[in-house]
Amino acid sequence: MIENLMENAFKYGDGRLLGISFQEEEGCQLIRISNTGSIVNAEEIPRLFDSFYRGSNAGDKEGNGLGLYICREIMQKMDGEIFAQAENDGMSFFLVFPM
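Calculation criteria
- Residues numbered from 1 in each chain as written.
- Predicted model: local features only at pLDDT ≥ 70, side-chain atom pairs only at ≥ 80, totals over all residues.
- Heavy atoms only, no water.
- Buried < 20%, exposed > 50% of the residue type's maximum accessible area, 1.4 Å probe, protein only.
- Helix = DSSP H or I, 4+ residues; strand = E, 2+ residues; numbered from the N terminus.
- Arc of directions from axis to C-beta.
- Pairing = 2+ DSSP bridges.
- Axes fitted to C-alpha atoms, helices over the stretch in contact; angles between N-to-C directions.
- Contact = heavy atoms within 4.5 Å.
- Patch = residues over 30% accessible without salt bridge, like charges linked within 9 Å, V, L, I, M, F, W, Y side chains within 5 Å.
- Areas by Shrake-Rupley, 256 points an atom, 1.4 Å probe, with all protein chains shown as cover.
- Salt bridge = Lys/Arg side-chain N within 4 Å of Asp/Glu carboxyl O.

Considerations on helix α2 (residues 67-77)
Along α2, the positions that sit buried rather than exposed are Leu-68, Cys-71 and Met-75. Seen end-on, α2 carries its buried residues on one side only, within an arc spanning 55°. Where α2 ends, the next residue or the one after it, Asp-79, has phi of about 60°, a positive value.

So, in structure tokens, the structure goes:
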């Protein structure tokens, strides 16, 4: 999952900044992977995790729309969550693992 999110950050980011952070919050371990660059609009964010869906920022970049879907399926099997958030200058993806 982390590999997929990092690859997406490189692919869809603008190359200025890529970050990964870890924190504990409310009995969970959070991993945040963020990048600067193309932002997906709020209405589109929930659909990013649908199979074969590609965001409007995909442009001519290669892909089939399965990476985030597979990440969500794995996280659900681990009783965790994955979600995305648009930032001022990019996107962040969060993996939430129960402790």
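Next comes the rest of the description.
A word on the sheet that holds strand β2 (residues 28-37)
Read across the sheet, 4 strands follow the order β1-β2-β4-β3 without closing on themselves; strand pairing throughout is antiparallel. Each end of this open sheet is capped by a strand with a single partner; those strands are β1 (13-25) and β3 (81-86). Recorded for the sheet is a direction-independent mean angle of 15° between the axes of neighbouring strands. One ladder, built from 9 bridges, connects β2 with strand β4 (residues 90-98); its direction is antiparallel. The residue of β4 that forms the bridge with Ile-33 is Phe-93. Helix α1 (residues 2-12) contacts β1, β2, β3 and β4 of the sheet and is inclined by roughly 150° relative to β1.

Concerning the pairing of β4
With 8 of its 9 residues buried, β4 lies for the most part within the structure. Both β3 and β4 contribute to a ladder of 6 bridges, which runs antiparallel. Across the sheet, Glu-81 pairs through a bridge with Val-96, a residue of β4. The hairpin turn running from β3 into β4, its antiparallel successor, is 3 residues long.

What about a nonpolar patch on the surface?
A contiguous nonpolar patch, built from Ile-2, Ile-20 and Phe-22 and spanning about 270 Å² of accessible area, is present on the exposed surface. On the secondary structure map, Phe-22 appears in strand β1.

With respect to the pattern of salt bridges
The full count for this structure, using the stated rule, is 6 salt bridges. Across the pair Asp-14 and Arg-16 runs a salt bridge, and its minimum N-O distance is 2.9 Å. Its relative accessible area of 58% is what places Arg-16 among the exposed residues. Salt bridges sharing common partners tie together Arg-47, Asp-50, Arg-72 and Glu-73.

Don't take any of this as a statement about function, it's just geometry.
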